[in-house]
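Letter by letter, the chains look like this.
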Amino acid sequence: MTLRSTAAKMRKSLRAVNLRLSSSSPQRKISPTQKLILRSMLNGATLKSQRYLDGRKEFRLHLLNGNASQVTMQDVRGLENQGLLLSNHKFPAATLFLSQRGRRAAANE
């Protein structure tokens with residue numbers, strides 16, 4: 001009986017957390033820099049992360065004309081936390097992609 005009630009409580013807690021994470025709660029504001037990243041990616045730019053042996057990680061936005069510019073980790077993490085970017089999780093160099101949600105956000109900006 002105790003095991004059953006504990007399992008029921010855990011299921012209820014997990015449902016509440018899942019509901020909170022997937023609810024249409026107010027989205028965080030997208031900064032002008034983040035909007036630029038999204039729009040650039042929608043227009044064909046590639047966002048890559050590079051991990052170095054000393055542990056640092058850099059994000060670079062590669063435009064179609066060959067230019068690349070560094071992007072702050074806070075901007076990228078903010079977009080990932082909002083579900084707008086996905087990663088292929090390759091090491092040491094990963095490529096980030098627009099999620100469906102990210103495509104909609106970029107198109108609406």
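1. A word on the pairing of strand β2 (residues 57-62)
Across six bridges, the pairing between strand β1 (residues 46-51) and β2 is antiparallel. Considered in β2, the bridge of Arg-51 is made with Lys-57. In textbook terms, the turn of a hairpin is the stretch between consecutive antiparallel strands, and for β1 and β2 this stretch comprises five residues, one of which, Gly-55, has a positive phi near 100°. Count of turn residues in the β2/strand β3 (residues 68-71) antiparallel hairpin: five residues, of which Gly-66 carries a positive phi of about 100°.

2. Overview of the pattern of salt bridges
Pairing between side chains of opposite charge can happen when their charged atoms approach one another. Counted according to the given criterion, the structure contains four salt bridges. Through salt bridges with shared partners, a single ionic network connects Asp-54, Arg-56, Glu-58 and Arg-60.

3. Overview of helix α3 (residues 73-81)
Among all positions in α3, only Asp-75, Val-76, Gly-78 and Leu-79 are buried. Buried residues of α3, viewed axially, fall in a sector of 160°; they line one side. Facing away from the buried side of α3, by more than 90 degrees, are the exposed residues Gln-74 and Asn-81. Where the residues of α3 are buried, they touch α2 (32-42), β1, β2, β3, β4 (85-87) and β5 (93-98). Immediately downstream of α3, the backbone of Gly-83 shows phi near 80°, a positive value.

4. Remarks on the sheet that holds β1
Ordered in space as β3-β2-β1-β5-β4, the five strands form an open sheet in which the pairing is antiparallel. The open sheet has two free edges, formed respectively by β3 and β4, since each of these has just one partner strand. Between one strand axis and the next, the sheet turns through 30° on average, direction left out of account. The pairing of β2 with β3 spans four bridges and is antiparallel. Bridged to His-62 within β3 is Ala-68.

5. Notes on the confidence of the model for the protein
Looking at the protein, pLDDT values average 83 and 78% of them are 70 or higher. No element of the protein has a lower mean pLDDT than helix α1 (residues 2-22), which averages 63, and none a higher one than β2, which averages 95.

Conventions and cut-offs
- Position numbers for residues count from 1 along each chain, tracking the sequence in the order it is written.
- A pLDDT threshold of at least 70 governs which residues receive local features in this predicted model, and a stricter bar of 80 or more applies before side-chain atom pairs are shown or counted, although totals over entire chains, interfaces and linings include all residues.
- The basis for every side-chain value is the complete set of heavy atoms in the structure, and neither hydrogens nor water enter the calculation.
- In short, DSSP must find at least two bridges between two strands for them to pair.
- Helix numbers and strand numbers start at the N terminus; a helix is a DSSP run of H or I with at least 4 residues, a strand a run of E with at least 2.
- We define a salt bridge as a side-chain nitrogen of Lys or Arg found within 4 Å of a carboxyl oxygen belonging to Asp or Glu.
- Only protein chains enter the accessibility calculation, which uses a 1.4 Å probe. A residue is then buried if its area is under 20% of the maximum for its type, exposed if over 50%, and partly exposed in between.
- Here, the arc refers to the directions that run from the helix axis to the C-beta atoms.
- Between two residues, a contact is recorded if the distance between any of their heavy atoms is within 4.5 Å.
- Helix axes are fitted only over the stretch in contact, all axes being lines through C-alpha atoms; the angle between N-to-C directions runs from 0 to 180 degrees.
- pLDDT expresses how confident the predictor is about each individual residue, on a scale running from 0 to 100.

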